[in-house]
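# A structural walkthrough
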Amino acid sequence: MHAFESIQLFGSGMAQLAFPTEMSSSVLAPYLFVSAAMFCIGLIGFLTRKNMIIMFLCTELMFQAAGLALIAFGRQHLGSDGQTFVIFVLCVAAAEAAMALALVVLLFRHRESLSASAWKELNG
Amino acid sequence: MEQIISPIALYLICALGAGGIALALPRRSGSKAFEYGGGLLVAVALGGAALALGLRASDAGNPMPNLFFYPFAIIGIGASVRMITHKRPVYSALYFIMTIIASCGMYILLSAEFMAFALIIIYAGAILITYLFVIMLATQAPTGDGDDDLDDVDAVAREPMLASAIGFVLIGLITAAMFGGIGELPEPKLTQAQAADSVLAHLPKKVDKILDREGLLEDGWRVSRDHETGLAMIDVDARTIQIELVEGDSVSATRTLGAQDWPEALAADNIDRLGFNLMNDHPVMIELAGIILLMAMLGATVLARKHTELEEALKAAQARKLGTMFHDDEPQATGGQA
(Lines give C-alpha, C1' and ligand atoms only; values in the text may rest on other atoms or scores of the structure.)
Protein backbone atom coordinates (compact mmCIF):
# COMPACT_ATOMS: atom_id res chain seq x y z
CA MET A 1 0.00 0.00 0.00
CA HIS A 2 2.80 2.33 0.95
CA ALA A 3 4.56 1.69 -2.33
CA PHE A 4 1.43 2.29 -4.33
CA GLU A 5 0.69 5.56 -2.57
CA SER A 6 4.16 6.92 -3.16
CA ILE A 7 4.04 5.98 -6.83
CA GLN A 8 0.74 7.80 -7.11
CA LEU A 9 2.21 10.81 -5.35
CA PHE A 10 5.19 10.85 -7.65
CA GLY A 11 3.13 10.26 -10.74
CA SER A 12 0.37 12.75 -10.12
CA GLY A 13 2.58 15.65 -11.02
CA MET A 14 3.99 18.53 -9.11
CA ALA A 15 0.63 19.89 -7.96
CA GLN A 16 0.48 17.67 -4.87
CA LEU A 17 4.11 18.18 -4.08
CA ALA A 18 3.70 21.95 -4.15
CA PHE A 19 2.00 22.05 -0.75
CA PRO A 20 4.50 20.57 1.67
CA THR A 21 3.02 18.89 4.68
CA GLU A 22 4.81 18.69 7.96
CA MET A 23 7.63 16.17 7.89
CA SER A 24 8.43 13.83 10.74
CA SER A 25 12.01 13.71 11.94
CA SER A 26 12.13 9.98 11.16
CA VAL A 27 11.75 10.99 7.51
CA LEU A 28 14.41 13.67 7.84
CA ALA A 29 17.01 11.31 9.32
CA PRO A 30 17.70 9.16 6.22
CA TYR A 31 18.30 12.26 4.09
CA LEU A 32 20.82 13.51 6.65
CA PHE A 33 22.50 10.10 6.64
CA VAL A 34 22.88 10.24 2.85
CA SER A 35 24.22 13.77 3.14
CA ALA A 36 26.80 12.78 5.78
CA ALA A 37 27.86 9.73 3.78
CA MET A 38 28.32 11.74 0.57
CA PHE A 39 30.30 14.39 2.43
CA CYS A 40 32.68 11.87 3.97
CA ILE A 41 33.13 10.00 0.70
CA GLY A 42 34.12 13.31 -0.86
CA LEU A 43 36.56 13.85 2.00
CA ILE A 44 38.12 10.41 1.52
CA GLY A 45 38.49 11.11 -2.17
CA PHE A 46 40.12 14.46 -1.48
CA LEU A 47 42.61 12.84 0.89
CA THR A 48 43.54 9.84 -1.22
CA ARG A 49 43.53 10.84 -4.87
CA LYS A 50 46.64 12.42 -6.36
CA ASN A 51 45.07 13.89 -9.48
CA MET A 52 44.31 17.57 -8.82
CA ILE A 53 41.20 17.59 -11.02
CA ILE A 54 39.72 14.67 -9.09
CA MET A 55 40.55 16.43 -5.82
CA PHE A 56 38.54 19.47 -6.90
CA LEU A 57 35.75 17.19 -8.11
CA CYS A 58 35.64 15.75 -4.59
CA THR A 59 35.17 19.23 -3.10
CA GLU A 60 32.21 19.61 -5.45
CA LEU A 61 30.82 16.39 -4.00
CA MET A 62 31.13 17.86 -0.51
CA PHE A 63 29.27 21.02 -1.66
CA GLN A 64 26.57 18.75 -3.02
CA ALA A 65 26.22 16.91 0.28
CA ALA A 66 25.95 20.18 2.19
CA GLY A 67 23.26 21.32 -0.24
CA LEU A 68 21.25 18.17 0.38
CA ALA A 69 21.40 18.75 4.14
CA LEU A 70 20.33 22.38 3.69
CA ILE A 71 17.32 21.40 1.59
CA ALA A 72 16.33 18.63 3.99
CA PHE A 73 16.44 20.94 7.01
CA GLY A 74 14.64 23.67 5.06
CA ARG A 75 11.90 21.17 4.24
CA GLN A 76 11.64 20.24 7.92
CA HIS A 77 11.05 23.91 8.80
CA LEU A 78 8.63 24.43 5.89
CA GLY A 79 10.61 27.47 4.80
CA SER A 80 12.49 28.50 1.68
CA ASP A 81 15.71 29.63 3.35
CA GLY A 82 17.40 26.28 2.75
CA GLN A 83 16.75 26.46 -0.97
CA THR A 84 17.94 30.06 -1.10
CA PHE A 85 21.18 29.02 0.49
CA VAL A 86 21.61 26.20 -2.01
CA ILE A 87 21.48 28.86 -4.73
CA PHE A 88 24.44 30.57 -3.07
CA VAL A 89 26.24 27.26 -2.65
CA LEU A 90 25.79 26.80 -6.40
CA CYS A 91 27.27 30.26 -7.02
CA VAL A 92 30.28 29.53 -4.86
CA ALA A 93 30.71 26.13 -6.50
CA ALA A 94 30.66 27.71 -9.95
CA ALA A 95 33.18 30.37 -8.91
CA GLU A 96 35.35 27.74 -7.28
CA ALA A 97 35.24 25.53 -10.36
CA ALA A 98 36.32 28.39 -12.61
CA MET A 99 39.22 29.40 -10.36
CA ALA A 100 40.31 25.87 -9.56
CA LEU A 101 40.32 24.76 -13.16
CA ALA A 102 42.28 27.83 -14.23
CA LEU A 103 44.82 27.04 -11.50
CA VAL A 104 45.01 23.40 -12.56
CA VAL A 105 45.66 24.38 -16.17
CA LEU A 106 48.36 26.82 -15.00
CA LEU A 107 50.05 24.24 -12.77
CA PHE A 108 49.84 21.60 -15.48
CA ARG A 109 51.63 23.91 -17.93
CA HIS A 110 54.50 24.38 -15.48
CA ARG A 111 55.17 20.72 -14.59
CA GLU A 112 53.43 18.73 -17.35
CA SER A 113 51.81 16.68 -14.58
CA LEU A 114 48.48 16.74 -12.74
CA SER A 115 49.94 15.13 -9.64
CA ALA A 116 49.65 17.12 -6.44
CA SER A 117 53.00 15.67 -5.37
CA ALA A 118 54.68 17.41 -8.31
CA TRP A 119 54.46 20.49 -6.09
CA LYS A 120 55.91 18.81 -3.02
CA GLU A 121 58.40 21.60 -2.35
CA LEU A 122 55.51 23.91 -1.46
CA ASN A 123 54.98 22.12 1.86
CA GLY A 124 57.82 24.06 3.43
CA MET B 1 12.21 10.39 20.23
CA GLU B 2 14.58 7.52 20.79
CA GLN B 3 17.61 6.62 18.72
CA ILE B 4 16.85 6.35 15.02
CA ILE B 5 19.49 3.73 14.35
CA SER B 6 21.11 1.48 16.93
CA PRO B 7 24.73 2.59 17.57
CA ILE B 8 26.20 -0.89 17.11
CA ALA B 9 24.57 -1.28 13.70
CA LEU B 10 25.80 2.17 12.74
CA TYR B 11 29.43 1.49 13.66
CA LEU B 12 29.32 -1.92 12.00
CA ILE B 13 28.02 -0.35 8.80
CA CYS B 14 30.74 2.31 8.94
CA ALA B 15 33.49 -0.29 9.42
CA LEU B 16 32.17 -2.33 6.48
CA GLY B 17 31.99 0.72 4.25
CA ALA B 18 35.49 1.86 5.24
CA GLY B 19 36.93 -1.56 4.42
CA GLY B 20 35.11 -1.60 1.11
CA ILE B 21 36.34 1.81 0.02
CA ALA B 22 39.90 1.12 1.16
CA LEU B 23 39.87 -2.05 -0.97
CA ALA B 24 38.31 -0.39 -3.98
CA LEU B 25 40.58 2.66 -4.09
CA PRO B 26 43.04 2.48 -7.01
CA ARG B 27 46.25 0.52 -6.50
CA ARG B 28 48.93 -0.78 -8.80
CA SER B 29 49.37 -4.38 -7.70
CA GLY B 30 45.81 -5.51 -7.17
CA SER B 31 43.66 -7.26 -9.69
CA LYS B 32 40.04 -6.48 -10.51
CA ALA B 33 39.07 -8.71 -7.57
CA PHE B 34 39.96 -5.96 -5.11
CA GLU B 35 37.62 -3.53 -6.83
CA TYR B 36 34.75 -5.98 -6.99
CA GLY B 37 35.26 -7.08 -3.41
CA GLY B 38 35.36 -3.49 -2.21
CA GLY B 39 32.24 -2.66 -4.17
CA LEU B 40 30.48 -5.66 -2.68
CA LEU B 41 31.40 -4.58 0.86
CA VAL B 42 30.13 -1.04 0.23
CA ALA B 43 26.91 -2.45 -1.23
CA VAL B 44 26.41 -4.65 1.85
CA ALA B 45 27.01 -1.64 4.10
CA LEU B 46 24.47 0.45 2.15
CA GLY B 47 21.89 -2.31 2.29
CA GLY B 48 22.52 -2.67 6.01
CA ALA B 49 22.03 1.05 6.54
CA ALA B 50 18.76 1.06 4.60
CA LEU B 51 17.57 -2.00 6.51
CA ALA B 52 18.53 -0.61 9.92
CA LEU B 53 16.86 2.74 9.26
CA GLY B 54 13.73 1.09 7.86
CA LEU B 55 13.42 -1.47 10.67
CA ARG B 56 13.80 1.16 13.37
CA ALA B 57 11.23 3.42 11.77
CA SER B 58 8.66 0.68 11.28
CA ASP B 59 9.30 -0.68 14.80
CA ALA B 60 8.33 2.58 16.39
CA GLY B 61 5.49 3.16 13.94
CA ASN B 62 7.16 6.28 12.62
CA PRO B 63 6.57 7.41 9.04
CA MET B 64 9.18 6.38 6.50
CA PRO B 65 10.48 8.42 3.60
CA ASN B 66 8.84 8.09 0.22
CA LEU B 67 9.73 4.77 -1.38
CA PHE B 68 11.60 6.55 -4.18
CA PHE B 69 14.10 7.82 -1.65
CA TYR B 70 15.86 4.45 -1.46
CA PRO B 71 16.86 4.04 -5.12
CA PHE B 72 17.95 7.67 -5.30
CA ALA B 73 20.03 7.37 -2.13
CA ILE B 74 21.65 4.10 -3.19
CA ILE B 75 22.44 5.39 -6.69
CA GLY B 76 23.79 8.63 -5.23
CA ILE B 77 26.12 7.03 -2.71
CA GLY B 78 27.12 4.20 -5.05
CA ALA B 79 28.01 6.62 -7.84
CA SER B 80 30.01 8.83 -5.49
CA VAL B 81 31.98 5.78 -4.26
CA ARG B 82 32.65 4.81 -7.87
CA MET B 83 33.65 8.40 -8.57
CA ILE B 84 36.46 8.40 -6.03
CA THR B 85 37.60 4.87 -6.85
CA HIS B 86 37.65 5.00 -10.64
CA LYS B 87 41.10 5.24 -12.18
CA ARG B 88 40.15 7.28 -15.21
CA PRO B 89 39.27 10.95 -14.57
CA VAL B 90 36.67 11.17 -17.33
CA TYR B 91 34.69 8.32 -15.82
CA SER B 92 34.95 9.97 -12.41
CA ALA B 93 33.37 13.13 -13.79
CA LEU B 94 30.59 11.13 -15.46
CA TYR B 95 29.87 9.26 -12.20
CA PHE B 96 29.68 12.64 -10.46
CA ILE B 97 26.95 13.66 -12.93
CA MET B 98 25.11 10.50 -11.87
CA THR B 99 25.41 11.55 -8.23
CA ILE B 100 24.01 14.98 -9.12
CA ILE B 101 21.02 13.49 -10.89
CA ALA B 102 20.31 11.14 -7.98
CA SER B 103 20.38 14.03 -5.54
CA CYS B 104 18.06 15.97 -7.85
CA GLY B 105 15.62 13.12 -7.35
CA MET B 106 15.91 13.60 -3.60
CA TYR B 107 15.38 17.36 -4.00
CA ILE B 108 12.11 16.65 -5.79
CA LEU B 109 11.04 14.33 -2.97
CA LEU B 110 11.81 17.21 -0.58
CA SER B 111 9.54 19.42 -2.75
CA ALA B 112 12.36 21.67 -3.94
CA GLU B 113 11.50 21.30 -7.61
CA PHE B 114 13.09 24.49 -8.86
CA MET B 115 16.42 23.70 -7.23
CA ALA B 116 16.36 20.19 -8.66
CA PHE B 117 16.16 21.44 -12.23
CA ALA B 118 18.52 24.35 -11.60
CA LEU B 119 21.03 21.84 -10.25
CA ILE B 120 20.83 19.69 -13.38
CA ILE B 121 21.24 22.73 -15.64
CA ILE B 122 24.05 24.40 -13.69
CA TYR B 123 25.98 21.44 -12.31
CA ALA B 124 25.52 18.70 -14.85
CA GLY B 125 25.17 21.09 -17.75
CA ALA B 126 27.76 23.76 -17.09
CA ILE B 127 30.23 23.02 -14.30
CA LEU B 128 30.81 19.36 -15.11
CA ILE B 129 31.25 20.07 -18.81
CA THR B 130 33.98 22.56 -17.89
CA TYR B 131 35.60 19.84 -15.78
CA LEU B 132 35.40 17.40 -18.67
CA PHE B 133 37.05 19.90 -21.01
CA VAL B 134 39.89 20.53 -18.58
CA ILE B 135 40.37 16.80 -18.02
CA MET B 136 40.66 16.26 -21.73
CA LEU B 137 42.88 19.31 -22.13
CA ALA B 138 45.30 18.48 -19.35
CA THR B 139 45.58 14.70 -19.50
CA GLN B 140 47.82 12.78 -21.85
CA ALA B 141 45.66 10.35 -23.76
CA PRO B 142 46.29 6.78 -22.57
CA THR B 143 47.54 4.50 -25.30
CA GLY B 144 45.43 1.44 -24.51
CA ASP B 145 42.47 0.18 -22.54
CA GLY B 146 44.48 -1.53 -19.83
CA ASP B 147 45.35 0.03 -16.49
CA ASP B 148 49.07 -0.58 -16.93
CA ASP B 149 49.63 2.42 -19.15
CA LEU B 150 48.01 4.80 -16.68
CA ASP B 151 50.18 7.32 -14.89
CA ASP B 152 50.90 6.91 -11.19
CA VAL B 153 48.77 10.00 -10.62
CA ASP B 154 45.62 8.09 -11.43
CA ALA B 155 46.56 4.52 -10.73
CA VAL B 156 47.79 4.79 -7.14
CA ALA B 157 45.95 6.16 -4.12
CA ARG B 158 47.74 7.83 -1.24
CA GLU B 159 47.15 6.23 2.20
CA PRO B 160 43.84 4.51 1.35
CA MET B 161 43.50 2.73 4.72
CA LEU B 162 44.10 5.77 6.88
CA ALA B 163 41.87 8.06 4.84
CA SER B 164 38.97 5.59 4.76
CA ALA B 165 39.26 5.03 8.49
CA ILE B 166 39.20 8.78 9.16
CA GLY B 167 36.32 9.33 6.74
CA PHE B 168 34.14 6.64 8.21
CA VAL B 169 34.88 7.58 11.81
CA LEU B 170 33.62 11.01 10.74
CA ILE B 171 30.45 9.51 9.19
CA GLY B 172 29.80 7.57 12.39
CA LEU B 173 30.31 10.59 14.63
CA ILE B 174 28.27 13.01 12.48
CA THR B 175 25.44 10.54 12.13
CA ALA B 176 25.36 9.65 15.81
CA ALA B 177 25.42 13.31 16.85
CA MET B 178 22.78 14.25 14.30
CA PHE B 179 20.43 11.40 15.08
CA GLY B 180 20.81 12.02 18.80
CA GLY B 181 19.68 15.60 18.50
CA ILE B 182 17.11 15.19 15.77
CA GLY B 183 14.25 14.60 18.16
CA GLU B 184 14.88 17.95 19.81
CA LEU B 185 14.47 19.95 16.62
CA PRO B 186 11.99 22.78 17.19
CA GLU B 187 8.60 22.53 15.57
CA PRO B 188 8.22 24.66 12.45
CA LYS B 189 7.12 28.18 13.32
CA LEU B 190 4.50 28.31 10.58
CA THR B 191 1.68 25.90 10.04
CA GLN B 192 1.47 24.10 6.74
CA ALA B 193 -1.12 26.45 5.24
CA GLN B 194 0.71 29.55 6.44
CA ALA B 195 4.02 28.36 5.08
CA ALA B 196 2.48 27.58 1.73
CA ASP B 197 0.35 30.69 1.37
CA SER B 198 2.00 33.45 3.40
CA VAL B 199 3.50 34.75 0.17
CA LEU B 200 0.13 35.10 -1.57
CA ALA B 201 -0.65 38.52 -0.06
CA HIS B 202 2.42 39.85 -1.82
CA LEU B 203 1.27 38.59 -5.21
CA PRO B 204 -2.05 40.39 -5.91
CA LYS B 205 -1.76 39.95 -9.67
CA LYS B 206 -1.32 36.21 -9.37
CA VAL B 207 -4.37 36.06 -7.11
CA ASP B 208 -6.33 38.12 -9.66
CA LYS B 209 -5.36 35.74 -12.42
CA ILE B 210 -6.30 32.60 -10.53
CA LEU B 211 -9.63 34.01 -9.30
CA ASP B 212 -10.42 35.14 -12.83
CA ARG B 213 -9.60 31.72 -14.23
CA GLU B 214 -11.82 30.06 -11.65
CA GLY B 215 -14.70 32.36 -12.66
CA LEU B 216 -14.99 34.07 -9.28
CA LEU B 217 -14.51 37.62 -10.59
CA GLU B 218 -16.96 39.54 -12.73
CA ASP B 219 -15.82 42.30 -15.06
CA GLY B 220 -14.01 45.14 -13.29
CA TRP B 221 -13.58 43.25 -10.00
CA ARG B 222 -10.19 42.50 -8.51
CA VAL B 223 -8.60 41.60 -5.20
CA SER B 224 -8.54 44.51 -2.73
CA ARG B 225 -5.17 46.08 -2.19
CA ASP B 226 -4.06 47.66 1.05
CA HIS B 227 -3.73 51.41 0.42
CA GLU B 228 -0.36 51.85 2.07
CA THR B 229 1.47 48.59 1.48
CA GLY B 230 -0.17 47.42 -1.72
CA LEU B 231 -0.60 43.91 -0.27
CA ALA B 232 -3.58 41.83 -1.36
CA MET B 233 -6.18 41.58 1.41
CA ILE B 234 -6.21 37.86 1.94
CA ASP B 235 -6.67 36.09 5.25
CA VAL B 236 -4.75 32.86 4.86
CA ASP B 237 -5.84 31.40 8.19
CA ALA B 238 -9.55 32.09 7.78
CA ARG B 239 -9.36 31.45 4.02
CA THR B 240 -11.22 34.63 3.08
CA ILE B 241 -10.48 37.00 0.20
CA GLN B 242 -11.71 40.57 -0.04
CA ILE B 243 -12.47 41.74 -3.57
CA GLU B 244 -13.38 45.18 -4.91
CA LEU B 245 -15.02 46.75 -7.94
CA VAL B 246 -12.86 49.43 -9.52
CA GLU B 247 -14.38 52.20 -11.66
CA GLY B 248 -11.89 54.70 -12.95
CA ASP B 249 -9.62 55.45 -10.03
CA SER B 250 -12.02 54.82 -7.19
CA VAL B 251 -13.36 51.70 -5.53
CA SER B 252 -17.13 51.56 -5.77
CA ALA B 253 -17.91 48.29 -4.00
CA THR B 254 -16.21 45.62 -1.90
CA ARG B 255 -17.23 42.08 -1.10
CA THR B 256 -15.67 39.18 0.81
CA LEU B 257 -15.31 35.69 -0.59
CA GLY B 258 -15.75 33.08 2.12
CA ALA B 259 -13.77 29.97 2.82
CA GLN B 260 -16.15 27.86 0.71
CA ASP B 261 -15.08 29.84 -2.37
CA TRP B 262 -11.32 29.50 -1.80
CA PRO B 263 -10.14 27.87 -5.02
CA GLU B 264 -7.95 24.77 -4.95
CA ALA B 265 -5.51 26.35 -7.37
CA LEU B 266 -4.91 29.39 -5.17
CA ALA B 267 -1.60 28.53 -3.57
CA ALA B 268 1.93 29.82 -3.71
CA ASP B 269 4.11 27.28 -5.46
CA ASN B 270 7.75 26.47 -4.92
CA ILE B 271 9.06 29.14 -7.29
CA ASP B 272 6.85 31.87 -5.79
CA ARG B 273 8.08 31.12 -2.31
CA LEU B 274 11.72 30.69 -3.30
CA GLY B 275 11.82 33.85 -5.40
CA PHE B 276 10.10 35.87 -2.71
CA ASN B 277 12.47 34.58 -0.06
CA LEU B 278 15.49 35.33 -2.25
CA MET B 279 14.48 38.88 -3.16
CA ASN B 280 12.83 39.89 0.10
CA ASP B 281 15.02 38.33 2.77
CA HIS B 282 18.46 38.09 1.15
CA PRO B 283 18.93 41.02 -1.24
CA VAL B 284 22.51 41.74 -0.18
CA MET B 285 23.55 38.16 -0.78
CA ILE B 286 22.49 38.44 -4.41
CA GLU B 287 24.90 41.36 -4.82
CA LEU B 288 27.63 39.40 -3.04
CA ALA B 289 27.06 36.39 -5.29
CA GLY B 290 27.37 38.67 -8.30
CA ILE B 291 30.68 40.05 -7.02
CA ILE B 292 32.02 36.57 -6.29
CA LEU B 293 31.14 35.36 -9.78
CA LEU B 294 32.65 38.46 -11.43
CA MET B 295 35.87 38.13 -9.44
CA ALA B 296 36.09 34.42 -10.26
CA MET B 297 35.65 35.17 -13.93
CA LEU B 298 38.37 37.82 -13.91
CA GLY B 299 40.67 35.64 -11.83
CA ALA B 300 40.22 32.63 -14.08
CA THR B 301 40.94 34.72 -17.16
CA VAL B 302 44.11 36.17 -15.65
CA LEU B 303 45.34 32.81 -14.34
CA ALA B 304 44.74 30.76 -17.45
CA ARG B 305 46.16 33.34 -19.88
CA LYS B 306 49.00 32.03 -21.95
CA HIS B 307 52.20 34.11 -21.92
CA THR B 308 53.56 33.93 -25.44
CA GLU B 309 57.16 34.88 -25.90
CA LEU B 310 58.03 36.16 -29.36
CA GLU B 311 61.56 36.10 -30.55
CA GLU B 312 63.37 39.41 -30.84
CA ALA B 313 63.76 39.18 -34.59
CA LEU B 314 60.05 38.44 -35.00
CA LYS B 315 59.15 41.42 -32.79
CA ALA B 316 61.36 43.73 -34.81
CA ALA B 317 59.80 42.54 -38.05
CA GLN B 318 56.30 43.10 -36.67
CA ALA B 319 57.16 46.58 -35.48
CA ARG B 320 58.64 47.46 -38.85
CA LYS B 321 55.53 46.19 -40.61
CA LEU B 322 53.25 48.25 -38.35
CA GLY B 323 55.47 51.29 -38.87
CA THR B 324 55.17 51.14 -42.63
CA MET B 325 51.40 50.73 -42.33
CA PHE B 326 50.93 53.90 -40.31
CA HIS B 327 53.68 56.09 -41.81
CA ASP B 328 53.62 55.23 -45.45
CA ASP B 329 55.22 58.52 -46.48
CA GLU B 330 58.38 58.21 -44.35
CA PRO B 331 59.49 54.56 -44.36
CA GLN B 332 63.11 55.49 -43.67
CA ALA B 333 62.49 56.93 -40.19
CA THR B 334 60.31 54.05 -38.87
CA GLY B 335 62.66 51.47 -40.24
CA GLY B 336 65.49 53.11 -38.39
CA GLN B 337 63.59 53.17 -35.08
CA ALA B 338 62.55 49.57 -35.21
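Residues numbered from 1 in each chain as written. Chains lettered and ligands numbered in written order. Predicted model: local features only at pLDDT ≥ 70, side-chain atom pairs only at ≥ 80, totals over all residues. Heavy atoms only, no water.

### Re empty space enclosed by the protein
Let me state the cut-off plainly: In the cavity and pocket records, a cavity denotes points on a 1 Å grid over the protein atoms alone where a 1.4 Å probe fits but cannot get out, a pocket denotes an open set with protein on both sides within 12 Å along at least 5 of 7 lines, and lining residues are residues with an atom within 4 Å of a point. Grid points are joined across faces, edges and corners, and a volume is the space filled by probe spheres set on the points. Secondary structure is summarised from DSSP: a helix means a run of H or I of at least four residues, a strand means a run of E of at least two, and numbering begins at the N terminus for each. Charged residues are taken to be Asp, Glu, Lys and Arg, nonpolar residues to be Ala, Val, Leu, Ile, Met, Phe, Trp, Tyr, Cys and Pro, and polar residues to be all remaining types, Gly included.
Scanning all chains against the criterion turns up six cavities of 30 Å³ or more. Of the voids in this model, the largest cavity is the one considered here, and its volume is about 140 Å³. Together, 15 residues line the largest cavity, and Ala37 of chain A together with Ala45, Leu46, Ile77 and Phe168 of chain B are the ones closest to its centre. The set of elements that each furnish at least two residues to the lining of the largest cavity consists of α3 (25-48) of chain A together with α1 (7-24), α2 (32-59), α3 (69-85) and α7 (160-181) of chain B. For the lining of the largest cavity, the residue count by class is 14 nonpolar, one polar and no charged. Here the second largest cavity is characterised by a volume of approximately 110 Å³. Lining the second largest cavity, in full, are Pro30, Phe33 and Val34 of chain A together with Leu46, Ala49, Ala50, Leu53, Phe69, Tyr70, Ala73, Ile74 and Ile77 of chain B. Of all the elements in the fold, those that place two or more residues in the lining of the second largest cavity are α3 of chain A together with α2 and α3 of chain B.

### A closer look at the pattern of salt bridges
The following threshold applies: Here a salt bridge means any side-chain nitrogen of Lys or Arg lying within 4 Å of a carboxyl oxygen belonging to Asp or Glu. The classification of residues rests on relative accessible area computed with a 1.4 Å probe and restricted to protein chains. Under 20% of the type maximum is buried, over 50% is exposed, and intermediate values are partly exposed.
If you walk through the whole model with that rule in mind, you get six salt bridges over all chains. Between Arg111 of chain A and Glu121 of chain A there is a salt bridge; the shortest N-O distance is 3.0 Å. Highlighted residues: Arg111 of chain A in helix α5 (residues 81-111) and Glu121 of chain A in the segment after α5, separated in sequence by ten residues. Among the residues examined, Arg111 of chain A registers a relative accessible area of 35% and is labelled partly exposed. Residue Arg225 of chain B pairs with Asp208 of chain B through a salt bridge whose shortest N-O separation is 3.1 Å. With Arg225 of chain B in the loop between β1 (221-223) and β2 (234-235) and Asp208 of chain B in helix α9 (residues 204-213), this pair connects stretches of sequence that are 17 residues apart. The same class applies to Arg225 of chain B as to Asp208 of chain B, namely buried.

### Points about the interface of chain B and chain A
Heads up, the rule is: In this analysis, two residues are considered to be in contact whenever any of their non-hydrogen atoms come within 4.5 Å of each other. Each of two parts loses accessible area, computed with a 1.4 Å probe, when they are put together; buried area is these two losses added. By the criterion applied in these results, polar contacts are pairs of N or O atoms within 3.5 Å in which, for protein atoms, one can donate a hydrogen and the other can accept it, and in which residues neighboring in sequence qualify only through two side-chain atoms.
The interface of chain B with chain A comprises 102 residues on the first partner and 87 residues on the second. Both faces combined, the contact of chain B with chain A buries some 8700 Å², and carbon together with sulfur accounts for 76% of it. On the chain B side of the contact with chain A, Leu110, Tyr131 and Arg158 of chain B bury the most area, a combined 9% of that side's loss. Counting across the chain B and chain A interface gives zero salt bridges. The interface formed by chain B and chain A contains 13 residue pairs in polar contact (both at pLDDT 80 or more). When residues of the side of chain B that touches chain A are assigned to their parent elements, the largest contribution, 13 residues, is made by helix α5 (residues 113-138) of chain B. The residue makeup of the side of chain B that touches chain A, split by class, is 70 nonpolar, 21 polar and eleven charged.

### Describing the environment of Met136 of chain B
Following the sequence through the fold, Met136 of chain B ends up in helix α5. The spatial distance from the C-alpha of Met136 of chain B to the C-alpha of Pro89 of chain B is 9.0 Å, given a sequence separation of 47 residues.

### What to know about the pairing of strand β3 (residues 240-247) of chain B
In summary, the side chains of a regular strand alternate between the two faces of the sheet. All names here are of chain B. Basically, it comes down to this: Two strands qualify as a pair provided DSSP detects at least 2 bridges between them.
In the sheet, β1 pairs with β3 via three bridges, with the strands oriented antiparallel. Bridge assignment links Trp221 to a residue of β3, and that residue is Leu245. Examined bridge by bridge, β2 and β3 share two bridges and lie antiparallel to one another. Within the sheet, the bridge partner assigned to Asp235 lies in β3 and is Thr240. If you look at the hairpin formed by β2 and β3, you'll find four residues sitting between the two strands, and Arg239 has a positive phi there, around 60°. By the bridge criterion, seven bridges tie β3 to strand β4 (residues 250-257) in an arrangement that is antiparallel. From the neighbouring strand, Ile241 faces β4, where its bridge partner is Leu257.

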